[in-house]
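Architecture at a glance
Residues per chain, in single letters:
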Amino acid sequence: MKAETRLFAILVPFFVLMTVIYAYFTDLGEWVGIVGIALTAALCAFVAFYLWLTARKLDLRPEDNLHGEIAEQSGDYGFFSPHSWWPLWLGMSAAVLFLGVAVGWWLFIIAAPFAAVAVVGWTFEYFRGENAV
């Protein structure tokens, strides 16, 4: 987690500097951008702090070891269904959901039940039917 912590820690002064530059060039007249960039710096600081705290409690990961081997990273990454159609339906309904936010809320309201059914279907795919575990 050292690399991730450093990445977010480096972003904090960058966004603080960008906030100052943005405020200077807009003559403090455009507060939405100033506050938005400042909040981005704060969010990066929160993430860096969280990753730093978490890294202190955990052992080093193989990718944190400079002399680590590729074989150290081997192992299970989880179970991924080889034949599931639910991600397709969830992706299509999510696309229509986001389109509904841009086009009109009526489209969002129509797509929301389809997205909910897709999330529930994908979550409980292996709890019912012939694939039940």
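The structure presented is a predicted model; accordingly, all values stated were derived computationally and were not measured.

Examining the pattern of salt bridges
Going through the model one piece at a time under the given rule, you end up with 1 salt bridge. Among the salt bridges present, the one from Glu-4 reaches Arg-61, with a minimum N-O distance of 2.9 Å. Residue Glu-4 is found in helix α1 (residues 2-25), and its partner Arg-61 is found in the loop between α2 (31-57) and α3 (86-103); the two are separated by 57 residues along the sequence.

Digging into helix α4 (residues 105-123)
With 19 residues, α4 should reach 27 Å at 1.5 Å per residue; the first-to-last C-alpha distance of 26 Å fits that figure. In the structure, α4 departs most strongly from a straight axis at Ala-111, where the bend amounts to approximately 30° and where the proline Pro-113 lies between one and four residues downstream. Here α4 has its buried residues at Leu-107, Ala-111, Ala-115, Ala-118 and Gly-121. Looking at the packing, one finds that the buried side of α4 touches α3.

So, the confidence of the model for the protein
Chain-level statistics for the protein give a pLDDT mean of 90 and a share of 97% at 70 or above. α4 is the least confidently modelled element of the protein, averaging 94 in pLDDT, while α2 averages 96, the highest of any element.

A word on α2
Between the first and last C-alpha of α2 there are 39 Å, a value that for 27 residues agrees with the 39 Å anticipated at 1.5 Å per step. Listing the buried residues of α2 in full gives Gly-33, Ile-34, Ala-41, Cys-44, Ala-48, Leu-51 and Thr-54. The inward-facing, buried residues of α2 contact α1.

A few points about the packing of aromatic side chains
Within the structure shown, the criterion is met by 5 aromatic pairs. Where Tyr-24 meets Phe-25, the ring centres are 5.2 Å apart and the plane angle is 75°; that geometry is what we call edge-to-face. Each member of the pair, Tyr-24 together with Phe-25, is exposed. Look at Trp-105 and Phe-108: their rings are 5.2 Å apart centre to centre, the planes differ by 75°, and that puts the pair in the edge-to-face class. Placement of the pair is Trp-105 and Phe-108 together in helix α4, with a separation of 3 residues, close to one helical turn. Taking NZ or CZ as reference, Arg-56 lies 4.9 Å from the ring centre of Trp-52, over its face.

Some points on the packing of α3 against α4
Each packed pair of helices is defined by two parameters, the angle between the axes and the distance between the axes. α4 packs onto α3 with a crossing angle of 160° between their chain directions and a minimal axis gap of 8 Å. Taken together, the axis directions place α3 and α4 in an arrangement best described as roughly antiparallel. Judged by the twist between their axes, the crossing of α3 over α4 is left-handed. Residues Trp-86, Pro-87, Trp-89, Leu-90, Ser-93, Val-96, Leu-97, Leu-99, Gly-100 and Val-101 of α3 touch α4, and the partners they reach there are Trp-105, Leu-107, Phe-108, Ala-111, Ala-112, Phe-114, Ala-115, Val-117, Ala-118, Val-119, Gly-121 and Trp-122. Here the residues of the contact of α3 with α4 are counted per class, giving 19 nonpolar, 3 polar and no charged.

Here's the deal with unusual backbone geometry
Not every positive phi belongs to a glycine, and Asp-27 is a case in point at roughly 55°. Phi is positive for Leu-28, close to 55°, though the residue is something other than glycine. Tracing the backbone shows Leu-28 in the loop between α1 and α2.

Re the environment of Trp-86
Relative to the helices and strands, Trp-86 is located in helix α3. Given a relative accessible area of 28%, Trp-86 falls into the partly exposed group. Separated by 58 residues in the primary sequence, Trp-86 and Leu-28 place their C-alpha atoms 49 Å from one another. Excluding anything up to four places from it in sequence, Trp-86 contacts Val-117, Ala-118, Gly-121, Trp-122 and Glu-125. One polar contact links the side chain of Trp-86 to the main-chain carbonyl oxygen of Gly-121, over a distance of 3.5 Å.

Conventions and cut-offs
- For every chain, the first residue of the written sequence is number 1, and numbering continues from 1 along that sequence.
- Predicted model: local features are reported for residues with pLDDT of at least 70 only, side-chain atom pairs are reported and counted for 80 or more only, and whole-chain, interface and lining totals are derived from all residues.
- Water and hydrogen atoms play no part in the side-chain values, which are based on all heavy atoms of the structure.
- A side-chain nitrogen of Lys or Arg and a carboxyl oxygen of Asp or Glu constitute a salt bridge if their distance falls within 4 Å.
- Secondary structure is summarised from DSSP: a helix means a run of H or I of at least four residues, a strand means a run of E of at least two, and numbering begins at the N terminus for each.
- How far a helix is expected to stretch is found by multiplying one less than its residue total by 1.5 Å.
- In this analysis the local bend is the angle between axes fitted, respectively, to the seven residues ending at and the seven residues starting at the residue.
- Exposure categories follow from relative accessible area, calculated using a 1.4 Å probe and restricted to protein chains: below 20% of the type maximum is buried, above 50% is exposed, and the middle band is partly exposed.
- Whether two residues are in contact is decided by their heavy atoms: any pair within 4.5 Å suffices.
- Think of pLDDT as the predictor's per-residue confidence, scored from 0 to 100.
- Two rings belonging to Phe, Tyr or Trp (six-membered ring only in the last case) form a pair when the distance between their centres is within 6.5 Å. Interplanar angles under 30 degrees mark stacking, angles over 60 mark edge-to-face geometry, and anything in between is tilted.
- Counting as a charge over the ring demands two things of the Lys NZ or Arg CZ atom: a distance within 6 Å of the ring centre and an angle within 35 degrees of the ring normal.
- With axes taken as lines fitted to C-alpha atoms, and helix axes fitted only over the stretch in contact, angles between N-to-C directions fall between 0 and 180 degrees.
- Any angle that falls under 35 degrees is termed roughly parallel, while one over 145 is termed roughly antiparallel, one within 65 to 115 roughly perpendicular, and all others oblique.
- What makes a crossing left-handed is the near helix being turned counterclockwise from the far one by less than a right angle; a clockwise turn instead makes it right-handed.
- Three classes are used: nonpolar for Ala, Val, Leu, Ile, Met, Phe, Trp, Tyr, Cys and Pro, charged for Asp, Glu, Lys and Arg, and polar for all others, with Gly counted as polar.
- Polar contacts, as counted here, are pairs of nitrogen or oxygen atoms within 3.5 Å of one another; within protein the pair requires one atom able to donate a hydrogen and one able to accept it, and residues that are adjacent in sequence qualify only if both atoms are side-chain atoms.

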